Amino acid sequence: SGGGGAVGTRPHPRHQCPNNGFTVTEDRVGIKGSGNNVGCLMCCCYVCGVNYQQCRFWMSDGHCNAHNKDNVWRAHKQFQ
């Protein structure tokens, strides 16, 4: 095999994870069991850019729900 590899084999924002579904929500706090709080080994926080397991705000500030179609999350990412 060759090429760049699938998105699941390289770091990607949580909302683009091919292994775990993502539900668009306006929640600004993570909710256990919502599904968005769970990622694969290559998932990164959209806002912080770090592996989701290292994001200090994953649940408390809802970074698990962040995605690029939401103006609020895009603004947070810009000022991170």
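Residues numbered from 1 in each chain as written. Predicted model: local features only at pLDDT ≥ 70, side-chain atom pairs only at ≥ 80, totals over all residues. Heavy atoms only, no water.

Student: Explain the overall build of the chain to me, please; I cannot follow it from the model alone.
Tutor: For the chain, the count of helices and strands is one helix and two strands. Each helix and strand of the chain, placed in order from N terminus to C terminus, yields the pattern β-β-α. What you see for the chain is a C-alpha radius of gyration of 12 Å, in line with the 12 Å of a compact globule of 80 residues. Principal axes of the C-alpha set define a box for the chain whose edges measure 40 × 30 × 20 Å. Per-residue burial for the chain yields a buried fraction of 32% across its 80 residues. In the chain, the proportion of contacts linking residues at least 24 apart, taken out of those at least 6 apart, comes to 50%. (Helix = DSSP H or I, 4+ residues; strand = E, 2+ residues; numbered from the N terminus. Rg over C-alpha atoms; globule rule 2.2 N^0.38 Å. Buried < 20%, exposed > 50% of the residue type's maximum accessible area, 1.4 Å probe, protein only. Contact = heavy atoms within 4.5 Å.)

Student: Before we go on, may I ask you to explain the side chain of R14 in this structure?
Tutor: With respect to the helices, strands and loops of the structure, R14 is situated in the loop between β1 (12–13) and β2 (43–44). Here the side chain of R14 touches N36 through a polar contact of 3.3 Å, landing on its backbone oxygen. Of the polar contacts made by the side chain of R14, one reaches the backbone oxygen of V38; its length is 2.6 Å. Those residues in contact with R14 that lie beyond four places of it in its chain are N20, G21, F22, G35, N36, V38, G39, C43, C44, W58 and C64. (Polar contact = N/O pair within 3.5 Å; in protein donor to acceptor, adjacent residues only side chain to side chain.)

Student: Where do I start with the side chain of H12 in this structure?
Tutor: With respect to the helices and strands, H12 occurs in strand β1. Note on H12: relative accessible area 2%, which makes it buried.

Student: Mind showing me how you'd approach the packing of aromatic side chains here?
Tutor: Think of a pair of aromatic rings as described by two things: how far the centres are apart, and how the planes are tilted against each other in angle. Applying the stated criterion to the full structure yields one aromatic pair. When the centroid spacing of 5.2 Å and the interplanar angle of 50 degrees are considered together, the rings of Y52 and W58 count as tilted. Classification of W58 by relative accessible area gives buried; the value is 6%. (Phe/Tyr/Trp six-rings, centres within 6.5 Å; stacked < 30°, edge-to-face > 60°.)

Student: How should the environment of P11 be read in this particular structure?
Tutor: Within the element layout of this structure, P11 appears in the segment before β1. A C-alpha to C-alpha distance of 23 Å links P11 and I31, two positions 20 residues apart in sequence. For P11, the contacting residues outside a window of four places in its chain are M42 and C44.

Student: Where do I start with the environment of N20 in this structure?
Tutor: Relative to the elements of secondary structure, N20 occurs in the loop between β1 and β2. With 12 residues separating them along the chain, N20 and K32 place their C-alpha atoms 15 Å apart. Contact partners of N20, with chain neighbours within four places excluded, come to R14, V38, G39 and C40.

Shape is all these values report; function is a separate question.
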